[in-house]
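# Coordinates in review
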Amino acid sequence: MHQLLTNFVSMPELFSTYTTRKLWSDTHISTQMLKAHIDPSSDRASRQAETIADSVTWLDDRLKLAGKKLCDLGCGPGLYARQFHERGAQTIGVDISSNSIEYARRNASGSAHGIKYEILDYTQDPLPSGMDIFTLIYCDFCVLSGDQRHHLLRQIHKYLNDDGQLALDVYSLTAFSKFREGVSFEHNFMDGFWSPEDYVGLHKSFRYEREKASLDRYLIIQPDKHWEVYNWLQYFSVESIGMELEAAGFQIDHLASSMTGEIYTDTSEQIAIIASAI
Ligand SMILES: C[S@@+](CC[C@H](N)C(=O)[O-])C[C@H]1O[C@@H](n2cnc3c(N)ncnc32)[C@H](O)[C@@H]1O
């Protein structure tokens with residue numbers, strides 16, 4: 001126990017462990033996540049319904065969705081995919097969570113019938129090819145390591161048609177400045193979110209000042225086992241995200257402070273970007 005807790009409170013090397021697959025694939029956790037996704041008044045896993053509708057309007061204004069081949073990376077239960085499809089895009093939604101994809105498929109009836117959904121890990125699987133547009137929404141780019149981000153951008157570039165575009169959003173340095181370190185623990189921490197069985201959950205957060213990154217680290221201790229989840233976030237300036245995009249063959253066409261299109265300023269906590277493959 002001493003060794004376990006000593007390790008838990010020490011700061012790990014940045015992006016040293018990738019636990020996302022566990023987070024989105026564990027049956028209980030992904031069921032909890034799906035509940036959060038489809039709650040239209042919650043921002044926890046997907047943004048609120050009104051924000052999603054406004055984001056699709058902004059993206060449609062910029063990308064002219066009708067007739068385009070679009071792949072929504074990390075589509076979750078298809079909240080955006082359905083609306084992209086309604087605006088005339090030939091839409092494919094991909095996600096690592098079979099639970100979310102099964103939900104999306106069940107809901108792809110009626111007018112949403114033409115949407116394709118695939119279970120896929122975009123950090124390692126080939127992406128759908130011949131796309132005009134890729135979207136990666138809700139700052140999912142930020143949870144990846146530098147190598148994973150570069151690999152994903154190169155993959156997107158490879159599977160885009162000429163003049164294809166990518167829409168993504170990331171957390172800004174303003175968001176990093178607001179991130180606070182802390183520690184907390186509780187019996188059945190987060191109201192049983194982590195397991196249907198009895199557990200004690202510990203949470204410790206770390207700031208990586210030089211690298212502009214953060215970690216929310218969770219340790220779940222059950223009577224017969226323990227396990228950890230690492231939620232990393234990389235924060236960006238306009239320059240740093242511009243450099244990563246450029247290194248993978250993209251140029252920025254539009255910048256905004258969110259996917260709903262407000263003007264980007266130094267106080268914006270997010271940066272929404274539309275970039276073209278060059
Ligand atoms: C924060 S949610 C956002 C979902 C959706 N973009 C939205 O805004 O409603 C992140 C999504 O990315 C998916 N995801 C995370 N890592 C992934 C990976 N490596 N490959 C594919 N999907 C992934 C998760 O399963 C989850 O549905």
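Please read these numbers as outputs of a predicted model, since none were measured by experiment.

### Considering the sheet that holds strand 6 (residues 182–187)
Across the sheet, four strands lie side by side as 6-7-8-9; this open sheet has antiparallel pairing. A single partner strand is all that each edge strand has here, and the edge strands are strand 6 and strand 9 (226–234). Sheet twist, expressed as the average angle between the axes of neighbouring strands with direction ignored, equals 15°. Two strands pair when backbone bridges link them, and strand 6 and strand 7 (residues 200–208) are joined in this way by six bridges, in the antiparallel orientation. By the bridge assignment, Gly182 is partnered in strand 7 with Ser205. Those strands touched by helix 1 (residues 2–9) are strand 7, strand 8 (213–221) and strand 9, and its axis lies near 35° from that of strand 7.

### Focus: the site of the ligand
Lining the immediate surroundings of the ligand are 19 residues, of which Ser46, Gly74, Gly76, Ile96 and Tyr138 lie closest. Class assignment of the residues belonging to the shell around the ligand gives a composition of nine nonpolar, seven polar and three charged.

### Some details on unusual backbone geometry
Most of the time, phi is negative for any residue but glycine, and the peptide bond is trans. With phi around 90°, Tyr138 is a residue other than glycine that occupies positive phi space. As for its placement among the helices and strands, Tyr138 is situated in the loop between strand 4 (131–136) and helix 7 (146–159). On the basis of neighbour count, Tyr138 is assigned to the partly exposed category, with 19 C-beta atoms found within 10 Å. One non-glycine residue, Asp191, adopts positive backbone phi at about 55°. For Asp191, the position within the fold is in the loop between strand 6 and strand 7. Residue class for Asp191 comes out exposed when judged on the 8 C-beta atoms lying within 10 Å of it.

### With respect to helix 6 (residues 98–106)
Looking only at helix 6, the buried set comprises Asn99, Ser100, Ile101, Tyr103 and Ala104. Lining the buried residues of helix 6 we find helix 3 (27–37), helix 5 (79–86), strand 2 (90–95) and strand 3 (116–119).

### Observations regarding the pairing of strand 5 (residues 160–171)
Where burial is concerned, most of strand 5 is hidden: nine out of the 12 residues are buried. Sheet topology note: the strand 4/strand 5 ladder contains five bridges and is parallel. Looking across to strand 5, one finds that Met131 is bridged to Leu160. Handedness of the crossover is the feature at issue here: the chain leaves strand 4, passes through helix 7, returns alongside strand 5, and the resulting connection is right-handed.

### Examining the domain arrangement of the protein chain
A common measure of how large an interface is: the accessible area buried when the components associate. Parsing the protein chain into structural domains produces domain 1 (2–13 + 175–233) and domain 2 (28–168 + 237–277). Spacing between the C-alpha centres of domain 1 and domain 2 amounts to 27 Å. Counting residues at the interface gives eight residues for domain 1 and seven residues for domain 2. Broken down by element, the side of domain 1 that touches domain 2 gets its largest block of residues, three residues, from strand 9. Of the residues in the side of domain 1 that touches domain 2, the class split is six nonpolar, two polar and no charged.

Definitions and cut-offs
- Residues numbered from 1 in each chain as written.
- Predicted model: local features only at pLDDT ≥ 70, side-chain atom pairs only at ≥ 80, totals over all residues.
- Pairing = 2+ DSSP bridges.
- Helix = DSSP H or I, 4+ residues; strand = E, 2+ residues; numbered from the N terminus.
- Axes fitted to C-alpha atoms, helices over the stretch in contact; angles between N-to-C directions.
- Contact = placed C-beta atoms within 7 Å.
- Near = placed C-beta within 6 Å.
- Nonpolar A, V, L, I, M, F, W, Y, C, P; charged D, E, K, R; others polar.
- Buried ≥ 20, exposed ≤ 12 C-beta atoms within 10 Å, placed from the backbone.
- Right-handed = clockwise from strand over helix to strand, strands pointing away.
- Domains from an automatic or database assignment.

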